[in-house]
Amino acid sequence: MWRTGGPPSLRLVWTGATRFCSNKPPEASSPHPSHTSPPPRTQAEKRRRRQQRDDSILSSSHTSAEVVNWSEKQKIVYSAQTAPGNKKDVSLPLPSSYSPDYVEACWYEWWEKEGFFSPEIHERLSHRVDQTFTLCIPPPNVTGTLHLGHALTVAVEDALVRWRRMLGYRVLWVPGCDHAGIATQSVVERRLLRDKGKRRQDLTREEFLQEVWTWKNQKGEQIYQQLRRLGASLDWSRACFTMDPGFSRAVTAAFVQLCDSGLIYRAESLVNWSCALQSAISDIEVDSKELSGRTMLFVPGYEKKVEFGTMFTFAYPVEGHGDSEVSVSTTRPETMLGDVAVAVHPDDPRYQTLHGKQCRHPFTNRLLPIITDTMVDMDLGTGAVKVTPAHDHTDFLLSQRHSLPRLPVIGGDGTMSPSCGQWLEGVKRFDARQLVLDALVEKKLFREKKDHTMALPICSRSGDVIEPLLKKQWFVRCEGMARKAVQAVEDGELEMIPKYHTKTWKNWLSNISDWCISRQLWWGHQIPAYQVQLLNSATKLEDEWVWGQSEDEARQRAAVKYGVKPEEVVLTQDLDVLDTWFSSALFPFAMLGWPEQNSDLRCFYPNSLLETGSDLIFFWVARMVMLGTQLTGQLPFKQVLFHSLVRDKYGRKMSKSLGNVIDPLDVIHGVSLQGLEEKVKEGNLDPREQLVAMEAQKKDFPRGIPQCGTDALRFALCSHKMQGDDISLSVSQVLSCRHFCNKMWQTLRFTLGVLAETGTPLGTLDQTTPVGSVERWICSRLHSTVLECERAFENYELHAVTAALHSFWLHNLCDVYLEYMKPLIGRRDEEPVAQTDSDHHGNARQEAVTVLFHCVSVSLTLLHPFMPFITEELWQRLQPFRPEGGANSSLCLQSYPRPAHTAHWHFPEEEEGFLLVQEVVRVARSLRAQCGVTKERPTMWAECSPHQARILLHFDSAIRTLGRISSLQMFCPDGADSQLSVKSSPPPTGSVVGVVDHSCRLHLHVQSGLNVDKQILELSQRRDKLIPKLEEMLQKLKSPDILTKIPVHVREQMDRKVSVLKQELKTVEDQMELLQKMKTTG
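For clarity, every value in this text was computed on a predicted model and none was experimentally measured. (Residues numbered from 1 in each chain as written. Predicted model: local features only at pLDDT ≥ 70, side-chain atom pairs only at ≥ 80, totals over all residues. Heavy atoms only, no water.)

(A) Structural context of the overall build of the protein chain. When you go through the protein chain residue by residue, the secondary structure sums to 32 helices and 33 strands. The buried share of the protein chain, taken over its 1082 residues, is 56%. Within the protein chain, counting contacts between residues at least 6 apart in sequence, those at least 24 apart form 78% of the total. Split by element, the accessible area of the protein chain, about 46100 Å² in all, is 49% carbon and sulfur. (Helix = DSSP H or I, 4+ residues; strand = E, 2+ residues; numbered from the N terminus. Buried < 20%, exposed > 50% of the residue type's maximum accessible area, 1.4 Å probe, protein only. Contact = heavy atoms within 4.5 Å. Areas by Shrake-Rupley, 256 points an atom, 1.4 Å probe, with all protein chains shown as cover.)

This is how it looks when you write it as structure tokens:
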């Protein structure tokens, strides 16, 4: 059921083909949000852009902007003999490097066997709270395999589910699979023909359904295993298949209840029909193929290609007006046998004298009235429109407005009907097209043929060209339910995230059409409606129907309705099945056992959240809200979170028809280029599309896709902002996240080594109050990270959570704290050490080790919702050193860090001050490199303000360690501060200067080895960046509107920024002048 495509296609499927009317189609797709999107592109513009992308890919001069460069990593496997479902042995030595094969072994089977993903685990949590979080996965098709769109859904939903579970909520995340009526039946029919040489019609319905169930039982578990491979913490004990007996009872109950309420009715109307499948199909199963002109295409059932993208014009003689005629244009001349009228605009001067007149049909001799309607666009084509109500959605509306007959001329099998005459009866529709054209030429009524830009509707399941056909079907009356769905959002009872979807929601539901739920298939929920005939009755009932939970109940209803005995009632069940989307719309409550009022339904309904792709807003979300509210009296969920669509690096949606779908398992395990190409060849692409797809693969993945692992893929997917623009995911981004996994791995190897050397027990998190300046800074940074994670999680901004965690681990923990503490923990007690700012508070080494342990442990816990495998592996390795007792057996049951847990680690002054320290260290390293100082640790001078001097003295040991200098002398030109504990002395004359900011500079005095040219170049580059910034700011300050439109505090900030830029520019230019003198005198 999952989709990755764009907005749904229109019900008026022959877009740009035959219609010259200006009316809207009955069920239009939604507009994009006006505040974020430009006006919609024309079809011609879309084709042009698509052609440009394809040409760019195929161009020999084109090189991929981001070719994935990678080297094969050593694969390390977990070799211990661990029985399936048993806990992994973490007493084995930690391998030297990260390997997904090693890390991801055994953990999922253990989690699942222990029941960690069931809501019943809630009672075992010491930190449990009396709150519930319920979510259902958008059920994938049983025929399908996962793609990156699925992987995004799983990564996002599992992150939210694991987070809530770790917060102590009672969590239920239900897995499910959709029976996918058309898709599954098509797969089994192809398999049946290939393996046994039989068509569906060669079997009885029961025999064919047995074939489907056999196939489902063989293949149906595949997608569940893929979900497990992605680490999805689903409660498998409640797995739900839409054809399960319990779910089927819910579908029957829903149909009967809606019929009883008058919301389901039977009527004759136009539907999108696949002649190959001989079934109506939903809008979502209609693909639109853009044609720029005459195009030859293969159509199922035809040996030769069929011509499309051509407009034909022919004339109808006007009855009783001599040689007068009305010319009409069409892309489907075969349907003219079903024409019942010609329509013109009432104000069109060309046809004023023909109002109310009639045309003579050249083949049937029928008289066709010339009607007037403002729907006709007089500026398009001839301004006259042929009206074929039985084969065109717009014409069907015209027939309702003008009481016109509807004459079907094409049957469900795609052949012309007997009403066309013997010369066409039984002829295939596209073969009949040429016969009709030849006959028009013979009668001298053919006028013109020309290329025509059009969108051809194609059945996504069979590749057949869609034929609008008139059929008696079951429909859901949507208007009233849609009105309630709109009201729920307007009243704040249902929240849409992002909010801009609210406008789309209202626009679409306010113009909704009734929903055709009949499908002419064998696989699916057979409609529980029965046609009635009465025994021993003189009156034959025509199209009389009853419904019921069972045939016996339906018979009792019929007996009451017609006043007869039950045994006098003969029932024939409708052979059609229900649209797959009908059963999918019941998922939030049917998965819990509805209509039975059981404990699961009482506890977990309504669901807390629905998370899905934005492309399902109409076909699934809207229908769930409408049916859920109607059938249960409650909204099915409280919030709807929409994520963006995943596109390839060229901005194209990922689809099988483009051959650019990336299997997430290929990213997890790695795949060769040959393997990627084989998947493209297995698809149903035309030669050019296949060439484009394979050429893109060669350029993007010349050596295939490297093994990245599940954790890296999940982290990369969640790192994108999902509430906004579509996601263009590249494999290089996932590979970067694998490198992050290795960084985590090496951090743990270092940490475990340090812990093993430490004999003193560690203090608990609550007991640990850091004293050292750097310890206080890293602990405060961790507290700020915890704070940001909670804020971002609450707002569903997962990209902000991942960014905060990635930044802390790499840039704070690894780049700073580990580098700072390495010399600290490497000391021996008997060795003389320099006095540090924390020596007088106790054992600095013990404090550093304790802080390191808690920083790593808390960070792993924070990362777990995104990277469940590596965090579990590494966290388990830390447990022997854990100071607290009674830890939960798995990280997934640990309490998620909250700001209250680390509030005693909040030191904002240290965080603010360390920003200056980091800049000083950066400049110090730059000066050492420029001056060729590689091994020795020189002395440096900091020329700064007294306030900055106090900060630098406070972090003196960190600056010396990280900057690799022996000492940092302070000089405050604005006057010494009485609070400073060191004497302020100026730097030596002729020192090399590095600019930290407008008030702080570092001085390094060197006798030789200075690379003057290199430093002049770097200063020149810095000046070139400063000048445009300063000019831009000065230009803003000169604006005539600055006094009226810019607030005072903002102007003051701009003035200060100008002052800072000027000072920094002056410092840079002074230093360049000094270096030029040194170069000249040298």
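There's plenty left to go through after this.
(B) View of the environment of Phe-255. Summarising the element assignment, Phe-255 is placed in helix α8 (residues 245-260). Between the C-alpha atom of Phe-255 and that of Ala-529, which follows or precedes it by 274 residues, the distance is 8.9 Å. If near-sequence neighbours (up to four positions away) are discounted, Phe-255 is found in contact with Ile-264, Trp-474, Ile-517, Ile-527, Pro-528, Ala-529, Trp-547, Leu-578 and Phe-582.

(C) Just the sheet that holds strand β16 (residues 446-451), in detail. If you walk across this open sheet you meet the three strands as β11-β10-β16, and the pairing is antiparallel. A strand with exactly one partner marks an edge of an open sheet, and here the two such strands are β11 (325-330) and β16. Here the average twist between neighbouring strands, direction ignored, is 20°. (Pairing = 2+ DSSP bridges. Axes fitted to C-alpha atoms, helices over the stretch in contact; angles between N-to-C directions.)

(D) Looking closely at helix α32 (residues 1048-1081). Between its first and last C-alpha atoms α32 spans 50 Å; for 34 residues at 1.5 Å apiece the expected length is 50 Å, and the two agree. In this structure, the buried residues of α32 make contact with β32 (992-997), β33 (1000-1004), α30 (1012-1037) and α31 (1042-1045). (Expected span 1.5 Å × (residues − 1).)

(E) The arrangement of the sheet that holds strand β23 (residues 545-547) in detail. Reading across from one edge, β23-β22-β24 is the order of the three strands in this open sheet, with antiparallel pairing throughout. Strand pairing shows two members of the sheet lacking a second neighbour, β23 and β24 (569-573), which therefore form its edges. Taking each pair of neighbouring strands and ignoring which way they run, the sheet shows an average axis angle of 40°. Where strand β22 (residues 529-534) lies against β23, three bridges are found, and the strand directions are antiparallel. Across the sheet, Gln-531 pairs through a bridge with Trp-545, a residue of β23.

(F) The arrangement of the packing of aromatic side chains in detail. All told, the structure shown has 35 aromatic pairs when counted by the stated rule. For the pair Phe-589 and Trp-594, a centre-to-centre distance of 5.2 Å together with 85° between the ring planes defines the contact as edge-to-face. By the burial criterion, Phe-589 is buried, and Trp-594 matches it. Directly above the ring of Trp-111 sits Arg-162, whose terminal nitrogen or CZ lies 4.9 Å from the centroid. In this structure, Arg-200 is placed above the aromatic ring of Trp-522, and the distance from its NZ or CZ to the ring centre is 4.8 Å. (Phe/Tyr/Trp six-rings, centres within 6.5 Å; stacked < 30°, edge-to-face > 60°. Lys NZ or Arg CZ within 6 Å of the ring centre and 35° of its normal.)

(G) Representation of the pattern of salt bridges in the model. For the structure shown, the criterion picks out 55 salt bridges. With a closest N to O distance of 4.0 Å, Arg-332 and Asp-392 form a salt bridge. Residue Arg-332 is located in the loop between β11 and β12 (341-344), and its partner Asp-392 is located in the loop between β15 (384-387) and α9 (393-402); the two are separated by 60 residues in the primary sequence. Note on Arg-332: relative accessible area 2%, which makes it buried. Of the charged contacts, one joins Arg-332 and Glu-467 as a salt bridge, the two residues approaching to 3.0 Å between their closest N and O atoms. Here Arg-332 is found in the loop between β11 and β12, whereas its partner Glu-467 is found in strand β18 (residues 467-476), with 135 residues between them in sequence. For the pair Arg-332 and Glu-467, a shared accessibility class is recorded, and that class is buried. (Salt bridge = Lys/Arg side-chain N within 4 Å of Asp/Glu carboxyl O.)

(H) Layout of the pairing of strand β10 (residues 310-317). Burial of β10 is extensive: seven of the eight residues sit out of reach of the surface. Where β10 meets β16, five bridges bridge the pair, whose relative direction is antiparallel. Opposite Thr-310, over in β16, you have Asp-451 as the bridge partner. Note: β10 against β11, six bridges, orientation antiparallel. Along β11, the bridge assignment pairs Ala-315 with Ser-327.

(I) Here's a closer look at the pairing of strand β2 (residues 170-174). The buried fraction of β2 amounts to five of the five residues, a majority that puts the element mostly inside the structure. Burial of the side chains of β2 extends over both faces: Arg-170, Leu-172 and Val-174 are buried on one face and Val-171 and Trp-173 on the other. In this sheet, β2 lies alongside strand β1 (residues 132-136) in parallel orientation, the contact comprising five bridges. Across the sheet, Thr-132 pairs through a bridge with Arg-170, a residue of β2.

(J) Summary view of the nonpolar core. Counting 172 residues, the largest nonpolar core has Trp-809, Tyr-817, Phe-866, Leu-952 and Leu-1002 as its most contacted members. Examining the composition of this core, we find that 16 residues originate from one element, helix α24 (residues 798-825), more than from any other. Cys-136, Trp-545, Met-624 and Phe-637 belong to the second-largest nonpolar core, a separate cluster that totals 67 residues. (Core = buried A, V, L, I, M, F, W, Y, C linked by side-chain atoms within 4.5 Å.)

(K) Looking closely at unusual backbone geometry. Ile-497 connects to Pro-498 through a cis peptide bond whose omega is -5°. Cis geometry marks the peptide bond from Trp-594 to Pro-595, where omega comes out at 15°. Along the chain, Pro-595 falls in the loop between α15 (587-590) and α16 (599-604). Despite not being glycine, Gln-278 has its phi angle at roughly 55°, a positive value. If you trace the backbone, Gln-278 turns up in the loop between β5 (264-274) and β6 (279-280). With relative accessibility at 36%, the residue Gln-278 sits in the partly exposed group. In the Ramachandran plot, Ser-403 falls in the positive-phi region, its phi being about 55° despite a non-glycine side chain. Tracing the sequence through the fold places Ser-403 in the loop between α9 and α10 (429-442). Ser-403 gets classed as exposed once you look at its relative accessible area, which sits at 66%.

(L) View of the packing of α24 against helix α29 (residues 956-963). Where α24 meets α29, the axes come as close as 9 Å, and the angle between the chain directions of the two elements is 95°. With respect to α29, the axis of α24 lies roughly perpendicular. On α29, the residues touching Asp-815, Val-816, Glu-819, Tyr-820 and Pro-823 of α24 are Ser-957, Ala-958, Thr-961 and Leu-962. Looking at the contact of α24 with α29 residue by residue, the classes come out as five nonpolar, two polar and two charged. (Parallel < 35°, antiparallel > 145°, perpendicular 65-115°, else oblique. Nonpolar A, V, L, I, M, F, W, Y, C, P; charged D, E, K, R; others polar.)

(M) Quick peek at the side chain of Glu-910. On the secondary structure map, Glu-910 appears in helix α27 (residues 908-930). If sequence neighbours within four positions are ignored, Glu-910 has contacts with Ser-773, Arg-776, Trp-777, His-954 and Phe-955.

(N) Representation of the state of the cysteines within the structure. For the structure on display, the rule yields zero disulfides. Not engaged in a disulfide, the cysteine Cys-779 finds its nearest cysteine sulfur in Cys-855; these two sulfurs lie 5.0 Å apart. (Disulfide = S-S within 2.5 Å.)

(O) View of the side chain of Arg-170. If you trace the backbone, Arg-170 turns up in strand β2. Polar contacts involving the side chain of Arg-170 include one to the side chain of Thr-132, which spans 3.5 Å. (Polar contact = N/O pair within 3.5 Å; in protein donor to acceptor, adjacent residues only side chain to side chain.)

(P) Just the packing of α27 against helix α28 (residues 946-954), in detail. At a minimum axis separation of 9 Å, α27 and α28 run at an interaxial angle of 85°. Here α28 runs roughly perpendicular to α27, going by the angle between their axes. When α27 is examined against α28, the residues Glu-910, Gly-913, Leu-916, Val-917 and Val-920 are found in contact with a partner set consisting of Gln-948, Ile-951, Leu-952 and His-954. Per-class residue counts for the contact of α27 with α28 are five nonpolar, three polar and one charged.

(Q) Spotlight on the confidence of the model for the protein chain. Overall, the prediction assigns the protein chain a mean pLDDT of 87, with 89% of residues at 70 or greater. Per-element averaging of pLDDT across the protein chain places helix α1 (residues 43-58) at the bottom with 59 and β2 at the top with 98. In the model, residues 2-40 has pLDDT below 50 throughout and makes 127 contacts with residues more than four positions away in sequence or in other chains. (pLDDT = per-residue confidence, 0-100.)

(R) Examining the environment of Gln-597 more closely. Residue placement: Gln-597 occurs in the loop between α15 and α16. For Gln-597, a relative accessible area of 55% corresponds to the exposed category. Side-chain polar atoms of Gln-597 contact the backbone oxygen of Pro-595, separated by 3.3 Å.

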